[in-house]
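# An overview of the molecular structure
Residue-level listing of the chains:
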There are 4 protein chains.
Amino acid sequence: MPRHRFTNTRDRIETAAVHLFVDKGVADTTVRDIARALEMSEGALYRHFPSKEQLVWQVFERRYIEFAGRLQKLAESESSTRGKLAAMIRGFCRAYDENPRLFRFLLFVQHDQLGKLAQDAPTPVEAVRMVIANGIASGELPAQNPDLATSLVFGVVLQPVQFAAYGRLPADMGSLCDRLVAAAWAAVTTV
Amino acid sequence: MPRHRFTNTRDRIETAAVHLFVDKGVADTTVRDIARALEMSEGALYRHFPSKEQLVWQVFERRYIEFAGRLQKLAESESSTRGKLAAMIRGFCRAYDENPRLFRFLLFVQHDQLGKLAQDAPTPVEAVRMVIANGIASGELPAQNPDLATSLVFGVVLQPVQFAAYGRLPADMGSLCDRLVAAAWAAVTTV
Amino acid sequence: MPRHRFTNTRDRIETAAVHLFVDKGVADTTVRDIARALEMSEGALYRHFPSKEQLVWQVFERRYIEFAGRLQKLAESESSTRGKLAAMIRGFCRAYDENPRLFRFLLFVQHDQLGKLAQDAPTPVEAVRMVIANGIASGELPAQNPDLATSLVFGVVLQPVQFAAYGRLPADMGSLCDRLVAAAWAAVTTV
Amino acid sequence: MPRHRFTNTRDRIETAAVHLFVDKGVADTTVRDIARALEMSEGALYRHFPSKEQLVWQVFERRYIEFAGRLQKLAESESSTRGKLAAMIRGFCRAYDENPRLFRFLLFVQHDQLGKLAQDAPTPVEAVRMVIANGIASGELPAQNPDLATSLVFGVVLQPVQFAAYGRLPADMGSLCDRLVAAAWAAVTTV
DNA sequence: GATGAATGAGAATTCATTCAT
DNA sequence: GATGAATGAATTCTCATTCAT
């Protein structure tokens with residue numbers, strides 16, 4: 001039985017790559033860096049992905065959509081708008097705490113990768129926006145620009161993540177979660 | 001007498017560079033790109049800055065500290081914590097509207113450049129944090145972690161800027177400003 | 001299995017580089033020149049040494065110290081001062097005749113590279129100086145400044161090498177060797 | 001009356017250039033370096049010489065031939081071969097002590113410049129060689145290859161200069177001069 | 001499946017030289 | 001005569017990718 005059925009090489013590559021991408025930036029991480037981190041030859045890496053660019057993209061796409069799905073599920077598990085938002089924010093915090101490096105990777109490369117997503121791909125932004133738009137429609141949230149409200153929720157959640165990354169806040173998002181829920185709710189209900 | 005008495009070459013370079021850096025990212029902007037944009041030889045650029053790295057850094061440092069000073073002044077022009085925060089947020093919106101590209105440049109390169117700032121250099125983060133810490137001390141704001149509160153303010157302001165950059169929100173921050181003030185205040189007063 | 005099991009690439013590079021360095025000077029030899037001489041890409045060269053500067057240095061260091069060791073051994077094989085000096089001078093001549101280009105390379109780049117040698121690295125100069133200092137101590141040589149005497153020996157040996165390089169003397173040092181021994185001995189015994 | 005009739009700009013340039021060439025090497029000395037050393041613009045330098053290459057060459061040629069002439073005169077001032085050689089060696093030492101930097105410059109750039117000299121240009125080597133050839137013809141020197149003898153004289157004189165340049169011998173050649181005369185004579189009379 | 005040398009297309013940077021003012 | 005910005009060619013070095021073994 002091949003060993004790599006359990007120690008999936010592809011996953012090891014992704015993990016090492018994400019690690020380096022976050023530490024040094026994507027552009028400053030060379031294929032050689034990744035190979036060395038894995039004690040593997042450069043050529044061997046190309047058996048697992050077609051190009052560096054594709055590696056970035058594939059990791060991003062998979063995880064980004066996976067995360068969007070998770071948020072979607074969490075929203076569906078609650079009935080009220082407030083409950084849905086709270087659940088999603090908790091999902092953010094948990095995702096960060098589970099794998100801060102991956103989370104930061106998604107944040108950092110967004111700018112370059114977002115444009116490549118299929119037009120109709122599920123995204124965290126869409127998931128949150130949908131909940132907010134429905135909340136406005138149902139009267140649970142005051143009338144307002146749903147995009148602006150969505151950006152406020154993201155800002156309230158992601159900025160603390162950035163601060164944590166720079167060491168200005170403790171690395172543990174879970175401990176801040178309740179406060180973020182409260183702040184986000186306050187922000188979107190105060191027009 | 002210099003060739004261009006009125007069109008300062010250094011400024012032209014900075015403007016063109018920032019333009020390209022925002023569009024393509026710093027790493028993907030070559031010195032040749034900048035030279036072409038200015039219809040100037042690559043070599044000529046090096047009369048005006050010693051390296052690409054230094055160009056990025058010098059633009060960042062000058063503008064970042066300049067902006068920090070502006071925020072500081074705005075805070076001092078008001079007496080209440082709420083007034084100070086409102087003035088600063090308006091300062092953010094105005095700065096963005098005056099030169100969205102420069103603002104986004106500062107946002108994008110922060111990550112790499114922040115560490116190079118002198119330890120005691122004034123920063124926007126410090127300016128806001130000081131106002132919040134004082135507000136907590138004076139009782140105008142509820143007791144809370146001032147760093148977390150600072151991050152909430154930044155999140156509420158900067159995330160809409162990002163959305164605007166992606167076209168999800170109108171480019172004009174001025175029109176959103178009052179709402180951002182209200183949201184930020186709500187976020188930092190809801191513990 | 002390496003592409004060339006028997007034709008060590010590193011050695012081929014060193015040989016070609018030395019060849020060019022001697023012909024055109026180090027500064028006027030480009031990495032491209034070396035690559036072309038080897039029918040190899042420039043990039044490929046960098047697998048074998050980290051920079052042009054290091055290539056020069058590594059070739060110099062290895063050969064220079066190797067040669068110093070050879071001289072040292074030759075000196076030890078004789079008991080009298082005269083015998084030691086004669087053996088060393090024969091070593092010079094033989095080294096030149098074996099690989100005139102390498103010898104001239106060492107001569108030419110000395111000036112820039114000598115300072116990089118470890119303080120205690122064995123050098124040809126030290127080897128000769130030691131023999132002379134001992135000869136003075138034992139009375140085999142008249143009392144005199146050992147550094148000056150050392151320089152006389154080097155002058156008597158190396159200047160003919162230079163003349164040979166310019167074509168003013170036959171390329172074969174071996175044929176001049178006995179005369180050089182006699183001249184060097186005369187120079188250091190005539191105070 | 002123009003100032004530069006006395007403070008000849010051309011000479012100032014040559015002096016500064018030689019200084020830098022010896023310190024850093026010709027290739028590593030930029031035109032900008034020279035301009036800065038003279039507090040003069042780069043462009044202005046080009047009024048005084050047509051190219052960097054020509055600057056090197058012109059300094060070399062002028063001084064080299066001038067020096068050859070000096071040696072020639074010194075040889076003519078003596079009647080015996082021994083006297084002629086002694087006078088010339090004293091001329092070497094004096095030339096070095098007068099301007100060690102210039103002397104070392106001539107030594108260093110020889111390799112590249114010698115080939116550009118007119119075939120019949122007077123050189124120090126020719127001057128010495130002529131004296132030796134005549135000495136052999138007249139029987140004052142034993143029969144021998146005059147080129148080899150010439151190289152011995154040069155070696156005995158120039159190697160101590162090199163040692164002085166590296167700090168292995170005192171900078172003052174004059175104090176070594178008598179010894180060098182004796183050593184050179186011993187070397188060319190011992191066949 | 002793996003290796004790592006080799007490729008080739010740039011990238012940043014330098015610098016002698018020119019030239020408008 | 002002087003200035004110094006500008007040019008443009010060259011140089012060192014990097015790196016994603018390929019491929020013979």
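Residues numbered from 1 in each chain as written. Chains lettered and ligands numbered in written order. Predicted model: local features only at pLDDT ≥ 70, side-chain atom pairs only at ≥ 80, totals over all residues. Heavy atoms only, no water.

With that out of the way, let us pick up the overall build of chain A. Scanning chain A from N- to C-terminus turns up nine helices and zero strands. Helices (α) and strands (β) of chain A occur, in sequence order from the N terminus, as α-α-α-α-α-α-α-α-α. The principal-axis extent of the C-alpha atoms belonging to chain A is close to 60 × 35 × 35 Å. The buried share of chain A, taken over its 191 residues, is 49%. (Helix = DSSP H or I, 4+ residues; strand = E, 2+ residues; numbered from the N terminus. Buried < 20%, exposed > 50% of the residue type's maximum accessible area, 1.4 Å probe, protein only.)

We now examine the interface of chain B and chain A. The interface is formed by 36 residues belonging to chain B together with 36 residues belonging to chain A. For the pairing of chain B and chain A, the buried interface totals around 3000 Å² over both sides, and the portion due to carbon and sulfur atoms is 67%. Linking chain B to chain A there are six residue pairs in polar contact (both at pLDDT 80 or more). Considering every element that reaches the side of chain B that touches chain A, the biggest residue donor is helix 8 (residues 146–165) of chain B, with twelve residues. (Contact = heavy atoms within 4.5 Å. Buried area = accessible area lost by both parts, 1.4 Å probe. Polar contact = N/O pair within 3.5 Å; in protein donor to acceptor, adjacent residues only side chain to side chain.)

So, about the protein's contact with DNA strand E. As a matter of local geometry, DNA strand E sits amid 28 residues, with Tyr 46 of chain B, Ser 41 and His 48 of chain C together with Val 31 and Lys 52 of chain D nearest to it. Protein-adjacent atoms of DNA strand E, using a 4 Å cutoff, are sugar or phosphate at a proportion of 65%. Take Lys 52 of chain B: an N or O atom from its main chain is 2.9 Å from a phosphate oxygen of DNA strand E. The contact in question runs from a base oxygen of DNA strand E to an N or O atom on the side chain of Glu 42 of chain D, over 3.5 Å. Put simply, the parts of the chain that give the surface near DNA strand E at least two residues each are helix 3 (42–45) of chain A, helix 3 (42–45) of chain B together with helix 3 (42–45) of chain C. Its residues assigned to classes, the surface near DNA strand E comprises seven nonpolar, 13 polar and eight charged. (Near = heavy atom within 4 Å. Nonpolar A, V, L, I, M, F, W, Y, C, P; charged D, E, K, R; others polar.)

When charged atoms on two side chains of opposite charge get close, those side chains can pair. Counted according to the given criterion, the structure contains 50 salt bridges over all chains. Across the salt bridge formed by Glu 42 of chain A and Arg 32 of chain A, the nearest N and O atoms sit 3.5 Å from each other. Remark: Arg 32 of chain A occurs in helix 2 (residues 31–38) and Glu 42 of chain A occurs in helix 3; sequence separation between them is ten residues. Judged by relative accessible area, Glu 42 of chain A falls into the partly exposed class, the value being 30%. A salt bridge links Arg 62 of chain C to Glu 14 of chain C, with the shortest nitrogen-to-oxygen separation between them at 3.0 Å. Residue Arg 62 of chain C is located in helix 4 (residues 52–76), and its partner Glu 14 of chain C is located in helix 1 (residues 9–24); the two are separated by 48 residues in the primary sequence. Under the relative-accessibility criterion, Arg 62 of chain C is labelled partly exposed at 38%. On the accessibility criterion, Glu 14 of chain C (2% relative accessible area) is buried. Three or more residues are tied together by salt bridges with common partners; here these are Arg 10, Asp 11, Glu 14, Arg 62, Arg 63 and Glu 66 of chain A. (Salt bridge = Lys/Arg side-chain N within 4 Å of Asp/Glu carboxyl O.)

Attention now moves to the protein's contact with DNA strand F. Close to DNA strand F lie 28 residues, the nearest being Val 31 and Lys 52 of chain A, Ser 41 and His 48 of chain B together with Tyr 46 of chain C. For DNA strand F, the backbone portion of the atoms within 4 Å of the protein, that is sugar and phosphate, comes to 65%. At a separation of 3.5 Å, a base oxygen of DNA strand F approaches a polar side-chain atom of Glu 42 of chain A. For the surface near DNA strand F, the elements supplying multiple residues, two or more each, are helix 3 of chain B, helix 3 of chain C together with helix 3 (42–45) of chain D. Of the residues belonging to the surface near DNA strand F, the class tally is seven nonpolar, 13 polar and eight charged.

So, on to the relation of the copies chain B and chain A. Between chain B and chain A, the superposition needs a rotation of 179 degrees and an axial shift of 0.1 Å, giving an RMSD of 0.2 Å. Taken together, the rotation and translation relating the two chain copies correspond to the operation of a two-fold axis. The rotation axis passes nearest to the C-alpha of Gly 155 of chain B in chain B, at a distance of 1.9 Å. Of the interface residues in chain B, 100% have counterparts in chain A that sit at the interface too, so the contact is made through matching surfaces. (Least-squares fit on C-alpha atoms with pLDDT ≥ 70 in both.)

All names here are of chain C. With respect to the helices, strands and loops of the structure, Leu 141 is situated in the loop between helix 7 (124–138) and helix 8 (146–165). C-alpha separation for the pair Leu 141 and Leu 117, spaced 24 residues apart in sequence, amounts to 30 Å. Those residues in contact with Leu 141 that lie beyond four places of it in its chain are Thr 81, Ile 132, Gly 135, Ile 136, Trp 185, Val 188 and Thr 189.

Moving on to the arrangement of the chains. At no point do chain B and chain C touch; the closest pair of C-alpha atoms across them sits 20 Å apart. You won't find any contact between chain A and chain D; their C-alpha atoms come no closer than 31 Å.

Despite not being glycine, Glu 39 of chain A shows a phi value in the positive range, around 50 degrees. Judged by relative accessible area, which is 77%, Glu 39 of chain A ranks as exposed.

So, about the environment of Phe 92 of chain A. All names here are of chain A. With respect to the helices and strands, the residue Phe 92 is situated in helix 5 (residues 81–98). On the accessibility criterion, Phe 92 (5% relative accessible area) is buried. Each C-alpha atom of the pair Phe 92 and Val 31 lies 30 Å from the other, and the pair is 61 residues apart in sequence. If near-sequence neighbours (up to four positions away) are discounted, Phe 92 is found in contact with Phe 67, Leu 71, Phe 103, Val 128, Phe 154, Val 157 and Leu 158.

All names here are of chain B. Residues of helix 2 (residues 31–38) that are buried include every one of Val 31, Asp 33, Ile 34, Ala 35 and Leu 38, and no others. Looking at the buried residues of helix 2, the elements they touch are helix 1 (9–24), helix 3 and helix 4 (52–76). Within two residues after helix 2, Glu 39 carries a phi angle of roughly 50 degrees, on the positive side.

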